[in-house]
Amino acid sequence: MIHLSNIHKSYVTGANKLHVLKGIDLIIEQGELVSIMGSSGSGKSTLLNILGILDDYDNGLYKLHNTEMNNLSEKKAAYYRNNMIGFVFQSFNLISFKNAMENVALPLYYQGVNRKKRNKIALEYLDRMGIKDWAEHLPSEMSGGQKQRVAIARALITNPKVILADEPTGALDSQTSLEVMDLFREINKSGITMIIVTHEKDISERTDRVIRLRDGIIENGQYN
Amino acid sequence: MIDIDKWKEIINTLKQNKVRTFFTAFGVFWGIFMLIIMLGSGKGLKNAVFQNMGDFATNSCFMWTQQTSVPYKGFPRGRFFRFNNGDTEALIEKIPELKDLSPRLQGWGGDGANNAVRNEKTGAFTIFGDYPAWNKIDPIKMTSGRYINDLDIKNNRKVVVIGKRVVEVLFETDENPLDQYIKINGVYFKVVGVFKSKKNGQQAEREEQNIHMPFTTLQKIYNFGEDVGWYAMTAQDNIPVDIVETKAKEILKTRHSIAPEDDRAIGGFNVSKEFKKMRGLFAGINGLIWIVGIGTLLAGVIGVSNIMLVIIKERTKEIGIQRALGATPFKVIWQIINESVFLTSIAGSIGLVVGFWLIELINYGLESSGGSSEMFKNPEVDFKIAVSALIILIISGIFAGLIPAKRAVSIKPIDALRSE
């Protein structure tokens with residue numbers, strides 16, 4: 001499903017070069033529930049961004065679903081992001097002037113699904129997340145947990161192969177965090193691969209496999 | 001094909017960002033609005049000034065006698081002389097380029113002393129002796145009756161054509177002045193026509209106090225003999241009046257034994273030269289309007305592009321989110337351009353309509369108040385110019401949106417997502 005070998009990534013700021021990823025080798029199979037852990041600066045977010053084709057890498061090989069993700073045109077990248085990957089962010093990244101239903105429906109807009117149909121599908125996903133009653137509300141009128149549910153619904157709507165979550169519980173209280181993790185677990189059961197970046201131990205404990213990063217290399221990638 | 005869905009998306013986005021939508025729209029609206037108002041006002045000024053000239057024949061000149069300044073053929077300098085009926089015949093015979101020739105004389109009175117009487121009413125008016133040709137050189141509008149004709153000239157008829165103001169002074173309001181008699185300097189004249197001026201303001205007022213009678217009649221009544229006061233003449237179409245002017249002066253000099261190099265003996269006024277000067281002036285004003293107009297338009301465009309820059313900056317994160325969800329760069333750029341074009345066209349059209357509406361309103365106000373001012377009349381705008389201005393603005397709107405949009409998609413999605 002996900003195949004990384006010898007991935008290198010450096011950030012150049014002025015004269016300084018910061019080597020963030022120093023040769024990552026990683027295989028994640030279809031249907032896994034994986035967490036990536038590491039202290040800040042360990043490169044875990046960078047790794048996730050590369051997995052999500054939001055960022056490029058300097059060296060190595062990245063295969064997603066048997067397709068090489070190297071030197072993609074922005075158009076191709078957008079296509080893969082839309083069809084294969086769902087994102088869940090720490091800060092939700094909902095579009096503030098669209099209501100919950102419209103936010104969830106947005107990925108389908110880029111697939112050319114008509115408004116009526118995509119809004120109907122969006123409502124179904126909101127229903128699955130248990131927040132159908134909030135469909136007409138703007139993000140600013142919702143709590144953090146509700147916003148994250150909207151974001152998860154949005155990540156799921158294109159029926160992706162993998163969901164990438166960057167500190168999905170970072171802005172939530174512990175009770176809501178647990179609820180969100182339960183949701184992830186449920187989604188994972190339907191066969192979608194989940195990769196969660198976190199630095200919270202009790203979050204990673206709820207995944208099947210923990211990948212520990214330290215200073216840009218994988219220190220440990222065993223199953224729980 | 002119209003993509004209803006896309007338009008719903010655009011309208012939704014604009015509706016949900018009311019403040020920035022309003023300010024962008026206002027910049028465009030103001031640019032077009034100001035351009036329309038300025039073009040209209042310029043045209044109004046021009047119309048008013050040219051209206052002051054009425055339908056005056058522009059390819060015309062005037063000639064009158066002064067004192068000679070060069071001794072010639074035994075005559076001393078400083079001699080007075082007068083044009084006469086013989087000159088009139090000679091001019092017509094010898095100048096084929098001549099179109100209309102109008103010898104003129106002015107009767108006494110009109111400068112304060114009452115010279116016209118009807119029953120108990122009297123008035124002081126300017127009295128001219130004219131040929132029918134005068135009405136072609138400086139036309140008036142006959143409101144009733146007729147102008148002087150050739151038979152009037154031939155038979156020295158005692159008829160007059162009087163201005164509107166003359167009627168107001170000498171007649172009751174409910175009276176028809178036609179075929180009535182008025183007494184001018186002791187002689188009775190029949191009124192055959194009433195006119196009003198084609199000019200406006202003071203010029204019109206002055207003109208409407210004139211009384212025209214046949215040239216030959218005036219010559220006899222006022223004892224002018226064969227004398228002609230002055231000449232007005234026009235050249236054939238497409239021939240400059242300067243040629244006629246030069247030829248006429250030559251002929252008149254020969255006939256009155258005036259030295260060929262004596263430029264002071266015959267006074268003259270060339271309308272076509274003055275008219276050219278005036279046209280030059282308005283070309284200048286028009287040029288100025290365009291400079292200012294383009295400046296205003298440019299300011300509008302810069303305003304739009306500034307606002308677009310701010311909008312794109314503000315939307316970098318939104319664009320980042322959209323791209324993470326699978327929006328292609330083309331789709332993002334297209335969406336922004338669509339929004340900007342939609343906005344500029346709507347706002348520009350409103351500016352166009354409001355501008356035209358205001359111009360029409362001013363026009364209506366001027367007309368209904370009867371105040372066809374000497375400085376402002378019938379403001380109007382060339383619709384084609386206005387629409388091309390709008391098109392320029394929309395195209396500029398595209399570029400104003402395109403540049404920042406391109407920059408927004410050129411940065412990596414992750415950087416866009418991180419920006420706040």
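Because the structure is a prediction, the values reported are computed rather than measured.

*Asks:* Could you clarify how one ought to interpret the overall build of chain A in this entry?
*Replies:* Counting its secondary structure elements, chain A contains seven helices and ten strands. In chain A, which comprises 224 residues, the proportion classed as buried is 55%. Counted over contacts in chain A with a minimum sequence separation of 6, partners at least 24 positions apart contribute 70%. When the accessible surface of chain A is summed, it comes to about 9,800 Å², and 45% of that surface belongs to carbon and sulfur atoms.

*Asks:* Help me out: how do you make sense of the overall build of chain B in this one?
*Replies:* Check the secondary structure of chain B and you find 13 helices and 14 strands. Here chain B, with 420 residues, has 48% of them falling under the buried criterion. In chain B, the share of contacts with a sequence separation of at least 24, taken over all contacts with a separation of at least 6, comes to 79%.

*Asks:* For this particular structure, what's the right way to read the interface of chain A and chain B?
*Replies:* Many analyses report the size of an interface as the accessible area lost when the parts associate. Every contact between the two is made by 29 residues of chain A and, on the other side, 26 residues of chain B. Together, the buried faces of chain A and chain B total about 2,500 Å²; carbon and sulfur atoms form 54% of this surface. Of all residues in chain A, the largest losses of buried area upon contact with chain B belong to Phe 97, Tyr 109 and Tyr 110 of chain A, amounting jointly to 29% of the total for that side. Here Glu 74 of chain A and Arg 323 of chain B are joined by a salt bridge, their closest N and O atoms 3.2 Å apart. The interface formed by chain A and chain B holds seven residue pairs in polar contact (both at pLDDT 80 or more) in total. Those elements that place two or more of their residues in the side of chain A that touches chain B are β1 (2-13), α2 (74-84), α3 (100-109) and α4 (115-128) of chain A.

*Asks:* Help me understand the nonpolar core in this model?
*Replies:* Note on soluble globular proteins: their nonpolar side chains tend to be buried together. The biggest cluster of nonpolar side chains holds 58 residues, and the ones touching the most others in it are Ile 162, Ile 184, Ile 211 and Met 233 of chain B. The residues touching Ile 211 of chain B, leaving out its near neighbours within four places in the chain, are Ala 116, Phe 125, Thr 126, Ile 127, Phe 128, Val 160, Val 161, Ile 162, Val 166, Ile 182 and Ile 184 of chain B. The next biggest cluster of nonpolar side chains, apart from the first, holds 56 residues, and it includes Leu 51, Met 69 and Leu 213 of chain A together with Ile 312 of chain B.

*Asks:* Is there a simple way to explain helix α1 (residues 44-51) of chain A in this structure?
*Replies:* Residues spaced three or four apart along an α-helix point in a common direction, a consequence of the helix completing one turn every 3.6 residues. Summarising burial for α1 of chain A: seven of the eight residues are buried, a large majority. Of the residues one or two after α1 of chain A, Ile 53 of chain A is the one with positive phi, at around 55 degrees.

*Asks:* Help me understand the sheet that holds strand β4 (residues 59-64) of chain A in this model?
*Replies:* The strands making up a sheet are joined through hydrogen bonds of the backbone, oriented either antiparallel or parallel. Residues and elements named next belong to chain A. Taking strand neighbours across the sheet as the criterion, the four strands line up as β2-β1-β4-β5 in an open arrangement whose pairing is antiparallel. Edge positions in the sheet fall to β2 (16-28) and β5 (67-68), since each of these pairs with one other strand and no more. When β4 meets β5, the two strands line up antiparallel, connected through two bridges. Across the sheet, Leu 64 pairs through a bridge with Thr 67, a residue of β5. Contacts between α1 and the sheet are confined to β1, β2 and β4, with β1 contributing the most and set at about 120 degrees to the helix.

*Asks:* What am I meant to see in the pairing of β2 of chain A here?
*Replies:* Side-chain positions along a regular strand alternate between the two faces of the sheet. Bridge analysis of β1 of chain A against β2 of chain A gives ten bridges, and the strand direction is antiparallel. In the strand pairing of β2 of chain A, Leu 4 of chain A is matched with Leu 26 of chain A.

*Asks:* Would you take a moment to explain the side chain of Asp 166 of chain A for this structure?
*Replies:* With respect to the element layout, Asp 166 of chain A can be found in strand β7 (residues 162-166). It is Arg 418 of chain B that comes nearest to the buried, bridge-free Asp 166 of chain A among opposite-charge side chains, at 6.8 Å. Among all residues touching Asp 166 of chain A, those that are not within four sequence positions of it are Ser 45, Leu 48, Val 88, Phe 89, Gln 90 and Val 197 of chain A.

*Asks:* Honestly, the sheet that holds β7 of chain A in this entry has me stumped. Any pointers?
*Replies:* All names here are of chain A. In spatial order, the strands read β6-β7-β8-β3-β9-β10; together these six strands make up an open sheet with mixed pairing. Edge positions in the sheet fall to β6 (85-88) and β10 (217-220), since each has one partner strand and no second. On average, each strand axis in the sheet is inclined to that of its neighbour by 25 degrees, with strand direction left out of account. Looking at chain direction, strand β9 (residues 209-214) and β10 are connected through three bridges and run antiparallel. For Arg 214, the partnering residue across the bridge sits in β10 and is Ile 217.

*Asks:* Just checking my understanding: could you explain the packing of aromatic side chains for this structure?
*Replies:* The description of two aromatic rings rests on the distance between their centres and on the angle between their planes. For the coordinates displayed, the defined rule picks out 15 aromatic pairs over all chains. Seen from their ring centres, Phe 87 of chain A and Phe 89 of chain A are 5.7 Å apart, and the 10 degrees between their planes marks the pair as stacked. Since its relative accessible area comes to 9%, Phe 89 of chain A is described here as buried. Seen from their ring centres, Phe 81 of chain B and Phe 83 of chain B are 6.2 Å apart, and the 75 degrees between their planes marks the pair as edge-to-face. With a relative accessible area of 7%, Phe 81 of chain B lands in the buried category. Among the aromatic residues, those joined into a ring-pair cluster are Phe 22, Phe 26, Phe 29, Trp 30 and Phe 33 of chain B. One residue, Lys 331 of chain B, lies across the ring of Tyr 109 of chain A, its end atom 5.1 Å from the ring centre.

*Asks:* Would you explain the confidence of the model for chain A in this entry?
*Replies:* In low-pLDDT segments, the atomic positions of the prediction should not be examined closely. Confidence in the prediction for chain A averages 90 pLDDT; 98% of positions are at 70 or higher. Per-element confidence in chain A ranges from a low mean pLDDT of 85 for β10 of chain A to a high of 94 for β7 of chain A.

*Asks:* Help me out: how do you make sense of the pairing of β7 of chain A in this one?
*Replies:* All names here are of chain A. With five of its five residues buried, β7 lies for the most part within the structure. Note: β7 against strand β8 (residues 193-198), five bridges, orientation parallel. Across the sheet, residue Leu 164 finds its bridge partner in β8, namely Ile 195. Each parallel crossover has a hand, and for β7 linked through helix α6 (residues 174-189) to β8 it is right-handed.

*Asks:* Would you mind showing me how to read the side chain of Gln 148 of chain A here?
*Replies:* Residue and element names in this part refer to chain A. Mapped onto the fold, Gln 148 is located in helix α5 (residues 144-156). Polar contacts involving the side chain of Gln 148 include one to the main-chain carbonyl oxygen of Phe 89, which spans 2.8 Å. Residues within four places of Gln 148 in sequence aside, it is in contact with Val 88, Phe 89, Gln 90, Phe 92, Pro 168 and Leu 172.

*Asks:* Help me understand the environment of Gly 268 of chain B in this model?
*Replies:* Residue and element names in this part refer to chain B. Along the polypeptide, Gly 268 turns up in strand β14 (residues 266-270). Along the chain, Gly 268 and Tyr 231 lie 37 residues apart, while their C-alpha atoms are 9.2 Å from each other. With residues near it in sequence (within four places) discarded, Gly 268 still touches Phe 62, Met 63 and Trp 64.

So, how was this worked out
- Residues numbered from 1 in each chain as written.
- Chains lettered and ligands numbered in written order.
- Predicted model: local features only at pLDDT ≥ 70, side-chain atom pairs only at ≥ 80, totals over all residues.
- Heavy atoms only, no water.
- Helix = DSSP H or I, 4+ residues; strand = E, 2+ residues; numbered from the N terminus.
- Buried < 20%, exposed > 50% of the residue type's maximum accessible area, 1.4 Å probe, protein only.
- Contact = heavy atoms within 4.5 Å.
- Areas by Shrake-Rupley, 256 points an atom, 1.4 Å probe, with all protein chains shown as cover.
- Buried area = accessible area lost by both parts, 1.4 Å probe.
- Salt bridge = Lys/Arg side-chain N within 4 Å of Asp/Glu carboxyl O.
- Polar contact = N/O pair within 3.5 Å; in protein donor to acceptor, adjacent residues only side chain to side chain.
- Core = buried A, V, L, I, M, F, W, Y, C linked by side-chain atoms within 4.5 Å.
- Pairing = 2+ DSSP bridges.
- Axes fitted to C-alpha atoms, helices over the stretch in contact; angles between N-to-C directions.
- Lys, Arg positive; Asp, Glu negative; His and termini not counted.
- Phe/Tyr/Trp six-rings, centres within 6.5 Å; stacked < 30°, edge-to-face > 60°.
- Lys NZ or Arg CZ within 6 Å of the ring centre and 35° of its normal.
- pLDDT = per-residue confidence, 0-100.
- Right-handed = clockwise from strand over helix to strand, strands pointing away.

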